[in-house]
Amino acid sequence: MDKNSRIAIIGGGPAGMAAAVYLEKAGYNNYVVYEKEGEVGGKCHSPMGFDGKRYEMGAVLGCPTYYTVKELEDFGGYTHDGPPLNRKMKSKEGKEVDPFNPKKNPLKIPKLLKMKNQVKKLGNLLETKYKGYEINGHRGVAYGKADGYSNDAKNEKYDLDNPNLKDLALPFSEFLKKNHVELCKDAWIGPYTSFGYGYFDEIPAAYVLKYLDFETLMDFLSLDLWTWEQGTQHIYECVNEKLKNPAVLNADITKVERKDNKVYITVNGEVETFDKLIVTAPLQYFPNYADATEQEKDLFSKIDYSRYNTMGVTMKPEDVPDESYYIFDNMENDRRGHCMLYFKRWTDDDKQPIVTYVLQNHKDEPDVPYETCKQNVIEDMKICDSPIDKILLEKAWYYFPHVFSEDYADGWYDKVEAMQGTNNTYYAGEIMSFGDMEETATYSKELIKRFF
């Protein structure tokens, strides 16, 4: 491709920022990033709290397997130097529990030992039976292939036939049952469902295992985790400052027209002309402002997303929790709409917002109304002896775009990948890999490697 090609990137979250960085690294400098908000970062949203400390309303953490995020840190001159993470657990009745500690649960020792053995068994299956499961993105998986790059430091290329990979289209609970490792659910659910990525009986195993591959899960369980002093958003603020072409903020895109081998974008009332377009914003909404083809409309209409809400709240000094808490009971579908996690970012500081997390929807159930979720969280925090005094900020996120098992198995990803480059348009962002910042940024990196 001509290095002077003018390239538009729609979206200034981790995917868009990563696309810009890797375009620069590949020698493309004639690009523009359009971000509709007044700041970059997307769901890496770290508003200012008290005493100059930022809290997290979106992405919270990373771990040593976040290789691409580390490259973006290096580009921006920033590093993971934030407060250490810890967490405790409570029941839905507000009682502190430690379900994985055999000393505190002597009657559960046989089950805990069985779970440990099943986790080990699944780890072995992932390395053998499901070799290739951890590739970034989903190319070929529905057809029993692994076509892509491993999400590791070496970023090795996979191109292999493995018919067992078709199992990854199954809902994760069915995948575990098929492999006789049902108790693995207890190890994976905390860092998965509580962070808004849906329930195991509805979400294809591919999503769960690409986010929480075995190595990453071990990092979560051992609390070998990263945070950032100025928040996850600051990663992308630093990247934006170092880009040759910083993002255009408050960019209101009302029309995208692709004709005559060009891309015409109407932004803030003016028409700009480009040679190529990279869409990292939600593809589900692309037909709302672009000249989407019938195939684009059909495929993008199959995307669903998590209705995931966070609130930044404060308590009276005597009610501030001592730590972050998981509420495992509330991570099941029959308790959707209840607080699954509340996060105290600065353990040694009681003057800070606490962030609560709640999931509204399941594919087979009606959504829990937002106001009901809000009242549930208020009641849950009372039960947990940390009643809310004030609500500082509320975010209702368009979160974790995904397709369900039927469409996944039908080759949704391969159909979208086959459209890459058509009408000078390329697709990236959360849906093309997974909704955490590492998988999202890595997909953009590999998109540039593949096509530019």
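Residues numbered from 1 in each chain as written. Predicted model: local features only at pLDDT ≥ 70, side-chain atom pairs only at ≥ 80, totals over all residues. Heavy atoms only, no water.

S.K.: So, the overall build of the protein: which residues are in play, and what are the values?
M.R.: What the protein contains, in helices and strands, is 14 helices and 16 strands. Scaling as 2.2 N^0.38, a compact globule of 452 residues should have a C-alpha radius of gyration of about 22 Å, and the protein matches this with 22 Å. For the C-alpha atoms alone, the extent of the protein along its principal axes is close to 70 × 50 × 40 Å. When each of the 452 residues of the protein is scored for burial, the buried share is 59%. In the protein, the proportion of contacts linking residues at least 24 apart, taken out of those at least 6 apart, comes to 72%. Surface accessibility of the protein: about 18,200 Å² in total, with carbon and sulfur atoms responsible for 48%. Of the side chains in the protein, 57 bear a positive and 74 a negative charge, and the two mean positions are spaced by 3 Å. (Helix = DSSP H or I, 4+ residues; strand = E, 2+ residues; numbered from the N terminus. Rg over C-alpha atoms; globule rule 2.2 N^0.38 Å. Buried < 20%, exposed > 50% of the residue type's maximum accessible area, 1.4 Å probe, protein only. Contact = heavy atoms within 4.5 Å. Areas by Shrake-Rupley, 256 points an atom, 1.4 Å probe, with all protein chains shown as cover. Lys, Arg positive; Asp, Glu negative; His and termini not counted. Charge placed at Lys NZ, Arg CZ, Asp CG, Glu CD.)

S.K.: Just give me the short version of the pattern of salt bridges, but keep the residues and values in it.
M.R.: Should their charged atoms come close, side chains of opposite charge can pair. Under the counting rule described, the total for this entry stands at 29 salt bridges. For the salt bridge of Glu272 with Arg6, the shortest nitrogen-to-oxygen distance reads 3.3 Å. A residue pair is termed long-range when its members are at least 10 positions apart, and Glu272 in strand 9 (residues 270–274) and Arg6 in the segment before strand 1 (7–10) qualify at 266 residues. For Arg6, a relative accessible area of 22% gives the class partly exposed. One network of salt bridges, in which partners are shared, links Arg139, Asp147 and Lys157. (Salt bridge = Lys/Arg side-chain N within 4 Å of Asp/Glu carboxyl O.)

S.K.: Provide a residue-level description of the packing of aromatic side chains, including the pertinent values.
M.R.: Across all of its chains, the model carries 36 aromatic pairs by this definition. An angle of 50° between the planes, with centres 5.0 Å apart, marks the rings of Tyr130 and Phe175 as tilted. With Tyr130 in the loop between helix 3 (109–127) and strand 5 (145–149) and Phe175 in helix 4 (residues 172–178), this pair connects stretches of sequence that are 45 residues apart. Note on Tyr207 and Phe400: the rings are 5.3 Å apart at their centroids and 90° apart in plane angle, and the pair reads as edge-to-face. (Phe/Tyr/Trp six-rings, centres within 6.5 Å; stacked < 30°, edge-to-face > 60°.)

S.K.: Describe the packing of helix 2 (residues 67–76) against helix 14 (residues 437–451), listing the residues and the values that go with them.
M.R.: Contact pair helix 2 / helix 14: the axes reach a minimum separation of 7 Å and the direction vectors enclose 75°. In terms of orientation, helix 2 lies roughly perpendicular with respect to helix 14. Seen from helix 2, the contacting residues are Tyr67, Thr68, Val69, Glu71 and Leu72; seen from helix 14, they are Met437, Glu438, Ala441, Thr442 and Lys445. (Axes fitted to C-alpha atoms, helices over the stretch in contact; angles between N-to-C directions. Parallel < 35°, antiparallel > 145°, perpendicular 65-115°, else oblique.)

S.K.: Let's hear about the packing of helix 1 (residues 14–25) against helix 14: which residues, and what values?
M.R.: Here helix 1 crosses helix 14 at 35°, and the two axes come no closer than 8 Å. Relative to helix 14, the crossing made by helix 1 is right-handed. On the side of helix 1, the interface is formed by Pro14, Ala15, Ala18, Ala19, Tyr22 and Leu23, while helix 14 contributes Met437, Thr440, Ala441, Ser444, Lys445 and Ile448. Looking at the contact of helix 1 with helix 14 residue by residue, the class counts come to nine nonpolar, two polar and one charged. (Left-handed = near helix turned anticlockwise from the far one by under 90°. Nonpolar A, V, L, I, M, F, W, Y, C, P; charged D, E, K, R; others polar.)

S.K.: Can you tell me about the sheet that holds strand 9, naming the residues and giving the values?
M.R.: The strand order across the open sheet built from three strands is 7-8-9, with neighbouring strands paired in antiparallel fashion. In this open sheet, the two strands that pair with only one neighbour each are strand 7 (253–259) and strand 9. Put simply, the sheet's adjacent strands are angled 20° from each other on average, direction ignored. Two strands pair when backbone bridges link them, and strand 7 and strand 8 (residues 262–267) are joined in this way by six bridges, in the antiparallel orientation. The residue of strand 8 that forms the bridge with Lys259 is Lys262. (Pairing = 2+ DSSP bridges.)

S.K.: Can you tell me about the sheet that holds strand 10 (residues 276–279), naming the residues and giving the values?
M.R.: Reading across from one edge, 2-1-10-16 is the order of the four strands in this open sheet, with parallel pairing throughout. Strands with a single pairing partner mark the edges of an open sheet, and in this sheet they are strand 2 (31–34) and strand 16 (425–427). Between one strand axis and the next, the sheet turns by 15° as a mean value, whatever way the strands run. Pairing of strand 1 with strand 10 involves four bridges; the strand directions are parallel. Its bridge partner being in strand 10, Ile7 is matched across the sheet by Lys276. Helix 14 contacts strand 10 and strand 16 of the sheet and is inclined by roughly 145° relative to strand 16.

S.K.: Outline the nonpolar core, supporting the account with residue identities and numerical values.
M.R.: Grouped together as the largest cluster of nonpolar side chains are 131 residues, with contacts concentrated most on Trp188, Tyr192, Tyr207, Ile265, Ile278 and Phe300. With seven residues, helix 1 is the single largest residue contributor to this core. Once residues lying within four places of it in the same chain are set aside, the contact partners of Phe300 are Leu283, Gln284, Phe286, Pro287, Trp412, Val416, Met419 and Tyr427. Core analysis: the next-biggest nonpolar cluster, separate from the first, contains 16 residues, Met315, Tyr342, Val368 and Cys384 among them. (Core = buried A, V, L, I, M, F, W, Y, C linked by side-chain atoms within 4.5 Å.)

S.K.: Please give an account of the pairing of strand 14 (residues 354–359) that cites residues and values.
M.R.: Burial within strand 14 is extensive, with six of its six residues counted as buried. Across the two faces of strand 14 the burial is the same, with Ile354, Thr356 and Val358 and Val355, Tyr357 and Leu359 all buried. Note: strand 11 (residues 304–314) against strand 14, six bridges, orientation antiparallel. In the sheet register, Tyr308 faces strand 14, and the bridge partner there is Leu359.

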